[in-house]
Amino acid sequence: MVGPQPPERSGIAEYSAGLVAMLRDLGLRVDTITSAEVERDGVKGVVDNLLKADAVVYQMGNHPTFHGWMLPLMARVPGVVHLHDLVLHHMVAGVLNEEQRLTGDEYAGVLGKWHTVSEVKSAGLALRCGAPIWNRDDVVHFPLHQVATKFATEVVVHSQYAADRITHEFPWLPVTVVPQLYPVVASHRARERLGTIALMGGGQMNRRFDWVVQALVAIAGDLDQPLTLEIAGEVEPAVLQVLEGLAGIENVKLVNHGHVSDDEFWRVFERADLMIALRQPTMGEASAVVSKAMQAGLPTIVSDQGWYAELPTCVKKIAPTDECPTVLATLLRQLALDPAAFAHWSDACADEAGRPALDPFAAAERYARLLRSHRVLGDFRDHVASAVASLKIDIDSPLSSELQRIDVRTSLRGDRWVKPALAALGDQELDSHARIVGGTVGPYPYNEPLPDTGFQGQATVLEHDAGVVPPSSMLSLRVELTNDGDCQWISPLGHAMRPYGIYLGHFWSPADSTQPQAEQPRTWIEEAVDRSSSGIHTMTVRTPDVPGEYHLEIDLVQESVCWFKSRGFIPARLVVRVEAAQP
C-alpha cells in the first residue's frame, strides 16, 4: 500500500490506515510504503520490494507533498491506482514547481499530452499572467489525472462520476467503485432539534462558505432560538473575510476553531446537529467528513453534483447554482423552526447508517476481492510479458502496448486469445515491431464516418441466463449482429482503439434512473460481419457493483462518430436484476 500514512496530516493517510487494518483483519498481508521508506532506501530499493508483491496499490491524491513522490514508483512498477481526487492538476504543478521546471517547457509538455494546442496555450498564458489554471474554477477541465492513471493496471474510485470520466479517457482500463468508509467514527446520538451546524475539514473558496453565510443572514431574524456555526479546520484568508459577514448578526453565533487536534475534531463532530458540505466546483473528490457523518447518522446537506449527487436519499442535496443560498436558507429555516421535521430527518439518517451500504467491513471485503483477482491478472500479464520478450519485440512496439491492455475480466480472450496468437507469431519471421518480414497487411477500411446506410441492422442476444446475477460478476453473452447496411463491420487489427473503428459496446442503467448511461469497455469484432449477413459474437460484461434492477443495452459504436442506434440500428436490450448472494 503506497501512499501517506499517519501521523502525516492527510485525509488519505487516515483512510489508508483504516483500509490497511481492515484488509489485515481479512487475512491479507499488507505492507505500507511511505515517503520515509523512499528517503531511507532510495527509489531502487523500494522498487525492488514492490516487484516482489502480489499487488501494488497507490493511494493517489492531489497534494504534491503527500503524493508527488509516488509518480517515479508508478512509472517503474504499474499497479492499482486508487484515485481519491479526479483533478491532480495541483499535484502536477506542485511537483514541477518544486523541481524548478514549472516555467519551462515541461508544464506545457504535460498538458500537451492530454489537451489541444489552444488549451495548452490558454493554460500557459494564465500562468504567465499570474492567474494559473490550478487557482481557477476551470481547473476541472484540466484534471491531469492521466499522469497517474496512465500507469494503472486497474483503478479504484469512490464515485461513478469519477469512474465515467476515467473510462472515457481509457476505455480498456478496469475501474471499480468502492465506497469511502471508515472503521471508526463517532457514535450516533439522538438529535431532536437544530442547534449547532458544523463546517469541517478546512475552508477553501470552492467549499462555498459564502453561500452558508448568505443563508444564515437571511434567516437570522426568523429564528426563535439561536444557531451556532462551528468551523473546524484551517480556512483561507479569503474565507475569513466571507465569515465577517456574520459579525453582529443576532441569533447566529460563529465559533471558528481553526486548526484542531484529532480529539477536538471529534468533539466538534459529536456536538453537531447538522453538517453542511458544499462544493462548487467539485474536483471529483469524495469527502471524508461527509462519509463519517453518514456512518454516524449525522444529518448532512451537500451540493448535488459529482460524488455528492450519488449519496443516499437521506443526505439532502442542493444544486450548486446561484439559487443555492436561497434554497439553503429555506431549508435551514424549516429545520430550525420545525423540531419534529428535523427529528424525523435525523431518525432517517440514523436508520441509513445501520444499513449494509455503509458497512466499512463490507467495503473492505470488496476491496480484498479486487486485490485477489488482481493477483491472478498480474500472473497473466507476467505470462504475456515473458512471451513478448521471447519474441524479442520492442517493449514500445504496437503489439506490446496492445497486449498490455488485455483485461481477462471483460473479454473472453485471456490466455485463449494470447497463446494461439503468440504461437502463430512465433512461427513467423518478425521484425522488432512485430511486423511480418516481407508480409503486408491491408489498412483498416475506415478513416471517416460511415454513410447513414452503413449503420443499419440490429443486435440480438441469443439464449442466456441473465435474469438474476450477483454484483461485480462476469456475464457471458452471445450476441447476433445482423448487417442490413452496405458497409462491412469489423474492428481494427491488433485490438487497437482508434478513431472510426467499429466496436461492440454496452451500457448499464438503473431501471428507475433517468441519468445518462455510462459507457463500458468496448468488445472487439474479431470476424467481419459483411453486408446482408449476420454473425454471432461472444462478449463478456461486468455486472454493476450495487444491487438493483438494471437495463443492459448492447449497441455498436463507430469511435469518434456515434452509437449506431442514433442512425437507425436496433440495439439489444435486457432487463437484469443484480442481487447479492444470500448468506
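Being a predicted model, the structure only gives us computed values, none of them experimental.

Undergrad: Explanation requested: the overall build of the protein in the structure shown.
TA: If you tally the helices and strands in the protein, you get 19 helices and 19 strands. Classification of the 583 residues of the protein by burial places 52% in the buried group. Sequence-distant contacts, at least 24 apart, represent 72% of the contacts inside the protein between residues at least 6 apart. For the protein, the exposed surface amounts to about 26,900 Å²; the carbon and sulfur share of it is 51%.

Undergrad: Looking at this structure, I do not really get the sheet that holds strand 2 (residues 79-83). What am I missing?
TA: Strand-to-strand pairing in sheets goes through backbone hydrogen bonds, with the strands running parallel or antiparallel. Spatial strand order, 1-2-3-4: 4 strands in an open sheet with parallel pairing. Either end of the sheet is taken by a strand with one partner, and the two such strands are strand 1 (57-60) and strand 4 (175-177). Direction aside, neighbouring strands of the sheet carry axes that sit 25 degrees apart on average. Bridge count for strand 2 against strand 3 (residues 152-157) is 4 bridges, and the pairing is parallel. Its bridge partner being in strand 3, Val81 is matched across the sheet by Val155. Each of strand 1 and strand 2 is contacted by helix 1 (residues 11-25), which is oriented at about 150 degrees to strand 1, the strand it contacts most.

Undergrad: Would you explain the pairing of strand 7 (residues 252-258) in this entry?
TA: A regular strand carries its side chains on alternate faces of the sheet. Looking at chain direction, strand 6 (residues 227-232) and strand 7 are connected through 6 bridges and run parallel. If you follow Leu229 over to strand 7, its bridge partner there is Leu254. Taken together, strand 6, helix 11 (residues 237-243) and strand 7 form a β-α-β motif whose crossover is right-handed.

Undergrad: Just checking my understanding: could you explain the sheet that holds strand 7 for this structure?
TA: Ordered in space as 7-6-5-8-9-10, the 6 strands form an open sheet in which the pairing is parallel. Only two strands of the sheet have a single neighbouring strand rather than two, namely strand 7 and strand 10 (316-318). Strand-to-strand, the axes of this sheet are offset by a mean angle of 20 degrees, without reference to chain direction. Inspection of the sheet shows strand 5 (residues 196-200) paired to strand 6 by 5 bridges, in the parallel sense.

Undergrad: I'm lost on the packing of helix 12 (residues 262-271) against helix 13 (residues 288-296) in this one. Help?
TA: At a minimum axis separation of 12 Å, helix 12 and helix 13 run at an interaxial angle of 55 degrees. Taken together, helix 12 and helix 13 sit at an angle that is classed as oblique. Crossing handedness for the pair helix 12 and helix 13: right-handed. Contacts from Phe265, Trp266 and Phe269 in helix 12 reach Val289, Lys292, Ala293 and Ala296 in helix 13.

Undergrad: Would you mind showing me how to read the nonpolar core here?
TA: Generally speaking, nonpolar side chains in soluble globular proteins are found buried as a group. Formed by 78 residues in total, the largest nonpolar core has its most connected members in Leu216, Ile276 and Leu332. Beyond its immediate sequence surroundings of up to four residues, Leu216 is in contact with Ile197, Leu227, Leu229, Leu246, Val252 and Leu332. Core analysis: the next-biggest nonpolar cluster, separate from the first, contains 52 residues, Val46, Met60, Ala163 and Val175 among them.

Undergrad: Please explain the packing of aromatic side chains as it appears in this structure.
TA: A ring pair, where both rings are aromatic, is described by two values, the distance of the centres and the angle of the planes. Under the defined criterion, the tally for this structure stands at 15 aromatic pairs. Aromatic rings pair up to connect Phe455, Trp489, Phe564 and Phe569 into one cluster. Over the ring of Tyr182 we find Lys292; its NZ or CZ atom is 5.0 Å from the centre of that ring. When the ring centre of Phe507 is taken as origin, the NZ or CZ atom of Lys565, which lies over that ring, is 5.4 Å away.

Undergrad: Would you mind going over the side chain of Thr176 with me for this structure?
TA: The topology assignment puts Thr176 in strand 4. Apart from residues lying up to four places away in sequence, Thr176 is in contact with Glu154, Val155, Val156, Val157, Leu370, Arg542 and Asp545.

Undergrad: Looking at this structure, how should I read helix 15 (residues 324-337)?
TA: Helical geometry: 3.6 residues make up each α-helical turn, so side chains three or four residues apart lie on a common side. In this model, helix 15 (14 residues) spans 20 Å end to end at C-alpha, consistent with the 20 Å of a helix rising 1.5 Å per residue. Turning to helix 15, its buried residues are Cys324, Pro325, Leu328, Ala329, Leu331, Leu332, Leu335 and Ala336. Looking at the buried positions of helix 15, the neighbouring elements they touch are strand 5, helix 10 (209-219), strand 8 (274-277), strand 9 (300-303), strand 10 and helix 16 (339-353).

Undergrad: Any chance you could explain the state of the cysteines here in plain terms?
TA: Put plainly, two cysteines are in a disulfide when a covalent bond ties their sulfur atoms together. On inspection of all chains with the given rule, the structure shows 0 disulfides. Cys349 provides the cysteine sulfur closest to Cys314, a residue in no disulfide bond, and the two sulfurs are 4.3 Å apart. What makes Cys314 buried here is its relative accessible area of 12%.

Undergrad: For this particular structure, what's the right way to read the confidence of the model for the protein?
TA: Low-pLDDT portions of the prediction should not be read for the details of their coordinates. Residues of the protein with pLDDT of at least 70 account for 86%, and the chain-wide mean is 86. Between the elements of the protein, mean pLDDT differs from a low of 48, seen in helix 19 (residues 414-426), to a high of 97, seen in strand 10. Here residues 432-436 is modelled with pLDDT under 50, and outside its nearest four sequence neighbours on either side it reaches 14 contacts, counting other chains as well.

Undergrad: What is the right way to read the pattern of salt bridges from this model?
TA: Pairs may arise between side chains of opposite charge once their charged atoms sit close together. A full pass over the atoms with the stated rule returns 20 salt bridges. When the shortest N-O distance is used, the salt bridge between Glu579 and Arg577 registers 2.9 Å. Classification of Glu579 by relative accessible area gives partly exposed; the value is 36%. With relative accessibility at 36%, the residue Arg577 sits in the partly exposed group.

Undergrad: What is the right way to look at the pairing of strand 11 (residues 457-461) in this model?
TA: Burial along strand 11 is one-sided: Gly457, Ala459 and Val461 are buried, while Gln458 and Thr460, pointing the other way, are not. As judged from the 5 bridges shared by strand 11 and strand 13 (residues 474-483), these two strands associate in the antiparallel manner. Within strand 13, the residue paired with Gln458 across the bridge is Thr482.

Undergrad: Looking at this structure, how should I read the environment of Asp338?
TA: Mapped onto the fold, Asp338 is located in the loop between helix 15 and helix 16. Counting along the chain gives 144 residues from Asp338 to Leu194, while the straight-line C-alpha distance between them is 8.9 Å.

Undergrad: Just to check I follow, could you spell out the packing of helix 5 (residues 89-98) against helix 6 (residues 105-112) for this structure?
TA: When two helices pack together, their arrangement is given by the angle between the helix axes and by the axis-to-axis distance. For the pair helix 5 and helix 6, interaxial distance at closest approach is 10 Å and the crossing angle is 150 degrees. Classed by the angle they form, the pair helix 5 and helix 6 counts as roughly antiparallel. The two elements helix 5 and helix 6 meet at a crossing, and its hand is right-handed. Where helix 5 approaches helix 6, its residues His89, Val92 and Leu96 are matched on the opposing element by Glu106, Tyr107, Val110 and Leu111. Looking at side-chain class alone, the contact of helix 5 with helix 6 contains 5 nonpolar, 1 polar and 1 charged residues.

Undergrad: Could you clarify how one ought to interpret the environment of Val561 in this entry?
TA: Along the chain, Val561 turns up in the loop between strand 17 (548-558) and strand 18 (562-563). With relative accessibility at 25%, the residue Val561 sits in the partly exposed group. In this structure, Val561 is in contact with Pro449, Phe455, Tyr500 and Arg567, ignoring residues within four places of it in sequence.

The rules behind the values
Residues numbered from 1 in each chain as written. Predicted model: local features only at pLDDT ≥ 70, side-chain atom pairs only at ≥ 80, totals over all residues. Heavy atoms only, no water. Helix = DSSP H or I, 4+ residues; strand = E, 2+ residues; numbered from the N terminus. Buried < 20%, exposed > 50% of the residue type's maximum accessible area, 1.4 Å probe, protein only. Contact = heavy atoms within 4.5 Å. Areas by Shrake-Rupley, 256 points an atom, 1.4 Å probe, with all protein chains shown as cover. Pairing = 2+ DSSP bridges. Axes fitted to C-alpha atoms, helices over the stretch in contact; angles between N-to-C directions. Right-handed = clockwise from strand over helix to strand, strands pointing away. Parallel < 35°, antiparallel > 145°, perpendicular 65-115°, else oblique. Left-handed = near helix turned anticlockwise from the far one by under 90°. Core = buried A, V, L, I, M, F, W, Y, C linked by side-chain atoms within 4.5 Å. Phe/Tyr/Trp six-rings, centres within 6.5 Å; stacked < 30°, edge-to-face > 60°. Lys NZ or Arg CZ within 6 Å of the ring centre and 35° of its normal. Expected span 1.5 Å × (residues − 1). Disulfide = S-S within 2.5 Å. pLDDT = per-residue confidence, 0-100. Salt bridge = Lys/Arg side-chain N within 4 Å of Asp/Glu carboxyl O. Nonpolar A, V, L, I, M, F, W, Y, C, P; charged D, E, K, R; others polar.

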